[in-house]
Amino acid sequence: MEVGGVQFRLLNDNVGDQAATGNEKGAKSFIETLKKELEELNQTVKTAETKTLEIAGGKSEDILGAVVAATEAELAVKAAVQIRNKVMQTYQTLIHMQV
């Protein structure tokens, strides 16, 4: 399965076709949710950038709106980075586990 140029491999433990179908649906749901959330993050950042450029270009006088949009974008990016860091930390913990 490929999403945004990144390939994801779905693993099947030979539990049965029905279980495999459930795993694939769950994986697709997770990937779709992740993709949707990243698109929303991107849109938030673009909105803040657009409002800032409108202020700088003299097309708008809504400074408060630009500041609010920039703050929302900043918080969204910080939250995304924290989530990424936690995922990477968990991944590293799993990799170093002895079985």
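Residues numbered from 1 in each chain as written. Predicted model: local features only at pLDDT ≥ 70, side-chain atom pairs only at ≥ 80, totals over all residues. Heavy atoms only, no water.

Trainee: Requested: an account of the pattern of salt bridges, with residues and values cited.
Mentor: Considering all chains together, one arrives at 3 salt bridges under this definition. A salt bridge links Lys36 to Glu37; the shortest N-O distance between them is 3.5 Å. Under the relative-accessibility criterion, Lys36 is labelled partly exposed at 42%. We classify Glu37 as partly exposed; its relative accessible area is 39%. The closest approach of N and O atoms between Lys78 and Glu74, which form a salt bridge, is 3.3 Å. Note that Lys78 and Glu74 are positioned in helix α2 (residues 63-96) at a spacing of 4 residues, about one turn of the helix. (Salt bridge = Lys/Arg side-chain N within 4 Å of Asp/Glu carboxyl O. Buried < 20%, exposed > 50% of the residue type's maximum accessible area, 1.4 Å probe, protein only. Helix = DSSP H or I, 4+ residues; strand = E, 2+ residues; numbered from the N terminus.)

Trainee: Outline the confidence of the model for the protein, supporting the account with residue identities and numerical values.
Mentor: Of all residues in the protein, 77% attain a pLDDT of 70 or more, and the chain-wide mean is 82. No element of the protein has a lower mean pLDDT than strand β1 (residues 2-3), which averages 43, and none a higher one than α2, which averages 95. Segment residues 1-20 is flagged for pLDDT under 50; beyond a separation of four residues in sequence, or across chains, it makes 15 contacts in the model. (pLDDT = per-residue confidence, 0-100. Contact = heavy atoms within 4.5 Å.)

Trainee: Describe a nonpolar patch on the surface, and please don't skip the residues or the numbers.
Mentor: A cluster of nonpolar side chains, contributed by Phe30, Leu34 and Leu38, occupies part of the molecular surface with about 310 Å² of accessible area. Note on placement: Leu34 falls in helix α1 (residues 17-56). (Patch = residues over 30% accessible without salt bridge, like charges linked within 9 Å, V, L, I, M, F, W, Y side chains within 5 Å. Areas by Shrake-Rupley, 256 points an atom, 1.4 Å probe, with all protein chains shown as cover.)

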